[in-house]
Amino acid sequence: MQPNRLIHEKSPYLLQHAHNPVDWYPWSEEAFERAVREDKPIFLSVGYSSCHWCHVMAHESFEDPRIADILNRHFICIKVDREERPDVDDIYMTAVQLLSGRGGWPMSVFLTPQGEPFFAGTYYPAEIFAQIARQLADAYQTRREEVFQSAREIAGVIQQVAAARYEQMEGEPDPRVIGKYLQQMRQHFDTTHGGFGTAPKFPPNTAFPVLFWLAENLESEDALQMALRTLDAMALGGIRDHIGGGFHRYSTDAEWLLPHFEKMLTDNAQLGWAYTEAYSLTGNEHYKEVAQQIYEWVLREMRVEDGAFASAMDADSEGEEGKYYTWTLGEIRQTLPPSLADLFCNVYSIRAEGNYREEATGQMTGRNIPHLRAPLPQIAEELGMSPADLQEKMQTARELLLQKRLQRVPPLRDDKVLAGWNGLMIESLAYAGMVLERPDYVQGAEEAARFILEKMVDAEGRLLRRYREGEAGIPAYLEDYALLGAGLLALFEATEHEGWLDEANRLASRMIADFWDEDHHAFVNTADYHEQLIARVKEVHDRSTPCGNGSAARLLARLYQVTGEGNYDYFVYQTLRSLWAPIEKYPHGSDSLIHALLLVAGDTLEEVPEVEEPQPAPQASGVPVNVEMHIMEGGVLIRFLIERGWHINGAEDVPEDLVPTRIEVSSTLPLVFGDPLFPPPDTLQTDDTAQAIPIYRGELRVVVPVIGIGEVTEDTGEIRARVTCQPCTDTECALPQTVELVEQVRLQTRS
């Protein structure tokens, strides 16, 4: 098969799709011009090279000639690597979250030729995806104005949310917000397994710096124990690669046992720092050991030419997720001497039947994920061994197994070098080298820094985001300047070489010049010389890495501490002030901005401020469906919690004898609400002849966007939601229930 246009790209993710029968374009003017010329909608697929479900959808749909034919006839198809183009990813992920109530990759978005989304979701099985594509192609041809009106409404909400202009954001930064921060963290903390929330469970990378700051500076026992309990639990679980070092992306369960097996440079940079800091505060050698194993893996397997670091390792090898990292009992016994094999299997929970369940089916695979059932000293006591003896034997076993594993077919390594991601690892290595007295770590950080400063800067002195196969490209984004600057500052602190501080100052000055929003203050993710998309993002909340504004504010706060330069202090406070409303409301979602605040103003605190217990959110309880209303960025979220065994009907195409789910939102304020944005429903077929019923089970989130604001005469009022739904089982239905939800709000607009 002839390759498509992606064959000329540098991204390993795009190259994975270069031989698909889908007629892919990279993100380009050429693709949009053709869409306008041929009057076709656009199918946008966004993912990354180490994403397991991206591979699944590629194999099921994009390699299928039948589905490719549907896409090629009716759409212009664009493939994007989210790691290369975070600007594109940020904007259209907002659409996915608005329309489906959740996010994730692969991202599947259908756009008008002008780039406005009218349908968005994530992974779809092949038959469902083919059906969606056919229906949307038909809608574009037969209900054109309806499609464009929907796209305009969604784009309007994205612009409000992304640009942070949906409400007055300003407020006076107050470090006492840390009391509310800790309260929210305690509410989400899993006291049994560590971490925050339930499955799937992600390492709380951006929270560790705040928790450790509070433990060190305010002697917060709560903060310390939440951090250490999480690090302890993760170090025991299967999310940690006990054989080769480092951590996988996240755990699909609450116990940290079953991971998605991809490994990200960003996660391991931040976790290496966290385990190093835990060792620094406690002196516990266990944390030092975990940190060193992370860095051993990074320096062994993630370095590319001249010392920079690759982005990620895939989850799959030989067509199977986790095959590289998992073991049968027989493989263990073939590799280790009998007595050592028995001991290893006891310590690391290896079973004859396996302990690894396939995520989608829940079926046992016969393979094992090595994980510790308890800390090694506890197991040593149970076995009547000295901890040192057990540690030595397990180290020998792990080394033998690693050598065996290195003979397997490895997962794909995404070897593109990203400036900001390397900045995270440079900072982590430099700090660990200083704390753990490892000059080789500092040397590794210096080599990576030199690589970027020598090979990833354009003729005008601007940083470039991506380097691969001898070519640097893509203008760097806000996070690249901020994270690399923080790495160079850490190198200065580790080496006391003034050159690193000079480079950090240079990057900070360029960051302010190129990304500062002088009209509304704070930083935007893209500069004027970047491609202009349908919205310009100004981030407030962190994901797996610090958000753009958090990264920038943290860099400037640390530079202010080191240099005393008042200009840096000014930009930190202005950023916090302009974004204060959402920070104050949800501080646990803005770890990096909270950290920046503590760096510049934390010395005004002597202890963690006490706060009142939170009031429950407005809620109407009914059996078997609970309905909640939450005021959110850019609109109203209606959340349905549906008991197991029950469902509610969809909003459209419901049989006449059933009641569809209806949501009506109004306000005493001059707010204009758009239509409720329901995610695609499941279907229920009760018998061979009955009409298929669109239904929702479990949890349903529906966004009602604010699409306009009229003349404001009063700034305080109510938002009301009237919600009707009919709870049903698969065989019978209850009477419809209607609930009224009311919340007081204050509308603040910019003057």
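Given the structure is predicted, the values throughout are model-derived calculations rather than measurements.

Rules used throughout
- Residues numbered from 1 in each chain as written.
- Predicted model: local features only at pLDDT ≥ 70, side-chain atom pairs only at ≥ 80, totals over all residues.
- Heavy atoms only, no water.
- Helix = DSSP H or I, 4+ residues; strand = E, 2+ residues; numbered from the N terminus.
- Rg over C-alpha atoms; globule rule 2.2 N^0.38 Å.
- Contact = heavy atoms within 4.5 Å.
- Areas by Shrake-Rupley, 256 points an atom, 1.4 Å probe, with all protein chains shown as cover.
- Lys, Arg positive; Asp, Glu negative; His and termini not counted.
- Charge placed at Lys NZ, Arg CZ, Asp CG, Glu CD.
- Buried < 20%, exposed > 50% of the residue type's maximum accessible area, 1.4 Å probe, protein only.
- Expected span 1.5 Å × (residues − 1).
- Axes fitted to C-alpha atoms, helices over the stretch in contact; angles between N-to-C directions.
- Parallel < 35°, antiparallel > 145°, perpendicular 65-115°, else oblique.
- Left-handed = near helix turned anticlockwise from the far one by under 90°.
- Nonpolar A, V, L, I, M, F, W, Y, C, P; charged D, E, K, R; others polar.
- Pairing = 2+ DSSP bridges.
- Salt bridge = Lys/Arg side-chain N within 4 Å of Asp/Glu carboxyl O.
- Core = buried A, V, L, I, M, F, W, Y, C linked by side-chain atoms within 4.5 Å.
- Phe/Tyr/Trp six-rings, centres within 6.5 Å; stacked < 30°, edge-to-face > 60°.
- Lys NZ or Arg CZ within 6 Å of the ring centre and 35° of its normal.

Another aspect to go through is the overall build of the chain. Along its length, the chain carries 24 helices and 27 strands. Expected size for 751 residues packed as a compact globule is a radius of gyration near 27 Å; at 26 Å, the chain falls within 12% of this value. By sequence separation, contacts in the chain at least 24 residues apart represent 69% of the contacts at least 6 residues apart. Accessible surface, the chain as shown: approximately 30,400 Å² in total, 46% of it carbon and sulfur. Side-chain charges in the chain split into 65 positive and 118 negative, and the spacing between the mean points of these groups amounts to 4 Å.

Attention shifts here to the environment of Y124. Within the secondary structure, Y124 sits in the loop between β5 (117–121) and α6 (126–142). By relative accessible area, which is 8% here, Y124 ends up buried. Along the backbone, Y124 and S666 are 542 residues apart, and their C-alpha atoms lie at a distance of 34 Å. Ignoring anything within four residues of it in the chain, the contact list for Y124 reads M57, E60, S61, S108, F119, F129, I132 and P680.

Taking 1.5 Å as the rise per residue, helix α20 (residues 498–515) with 18 residues should run 26 Å; its terminal C-alpha atoms sit 26 Å apart, in good agreement. Restricting attention to buried positions, one finds in α20 the residues W500, L501, A504, N505, L507, A508, M511, I512, D514 and F515. Where the residues of α20 are buried, they touch α18 (439–455), α19 (478–495), α21 (548–563) and α22 (566–578).

The subject of this paragraph is the packing of α18 against α20. For the pair α18 and α20, interaxial distance at closest approach is 13 Å and the crossing angle is 45°. Here α18 lies oblique to α20, going by the angle between them. Note that α18 runs across α20; the crossing there is left-handed. Seen from α18, the contacting residues are E446, A449, R450 and L453; seen from α20, they are W500, E503 and R506. Each residue belonging to the contact of α18 with α20 can be placed in one class, and the counts come to three nonpolar, no polar and four charged.

Another point: the sheet that holds strand β9 (residues 312–313). Two modes of strand pairing occur in sheets, parallel and antiparallel, and in both the strands are linked by backbone hydrogen bonds. The three strands are arranged β8-β9-β12 in an open sheet whose pairing can be described as antiparallel. Because the sheet does not close on itself, it has two edges, and the strands there are β8 (263–264) and β12 (413–414). Strand direction decides the pairing type here: β8 and β9, joined by two bridges, are antiparallel. Looking at the pairing, K263 lines up with M313 of β9.

Turning our eyes to something else, we now look at the pattern of salt bridges. Using the criterion set out here, one finds 56 salt bridges in the structure. Here D69 and R73 are joined by a salt bridge, their closest N and O atoms 2.8 Å apart. Separated by four residues within a single helix, D69 and R73 lie in helix α4 (residues 65–74), roughly one turn from each other. Its salt-bridge partner being D306, residue K455 comes within 2.6 Å of it at the nearest N-O pair.

Counting 165 residues, the largest nonpolar core has L71, L211, F212, Y275 and M511 as the members making the most contacts within it. Counting residues per element, this core draws most heavily on α19, at 11 residues. With sequence-adjacent residues up to four places away left out, L71 is seen in contact with V22, F43, F62, C77, F129 and A133. Of all hydrophobic cores here, the second largest spans 34 residues; its members include F32, L99, L111 and V157.

Tracing the backbone through its elements, the reader meets P200 in the loop between α8 (177–188) and α9 (208–217). Distance in space between the C-alpha atoms of P200 and D653 is 33 Å, their sequence separation being 453 residues. Those residues within four positions of P200 in sequence are excluded, and the remaining contacts are Y250, S251 and T252.

For the rest of this paragraph, the subject is the packing of aromatic side chains. All chains considered together, the criterion is met by 32 aromatic pairs. With a centroid separation of 4.4 Å and an interplanar angle of 25°, the aromatic rings of F202 and Y250 are classed as stacked. Here F202, found in the loop between α8 and α9, pairs with Y250, found in strand β6 (residues 250–251); they are 48 residues apart in sequence, far enough to count as distant. The exposure class assigned to F202 is partly exposed, which follows from its relative accessible area of 38%. Of the residues examined, Y250 reaches a relative accessible area of 15% and is grouped as buried. Through pairs of rings, three or more aromatic residues link up here, namely W24, F43, F62, F75, F110, F119 and F129. The ring of Y25 is capped by R5, whose NZ or CZ atom sits 3.7 Å from the centre of that ring. Positioned over the ring face of Y140 is R144, at 4.1 Å from the centre of the ring.

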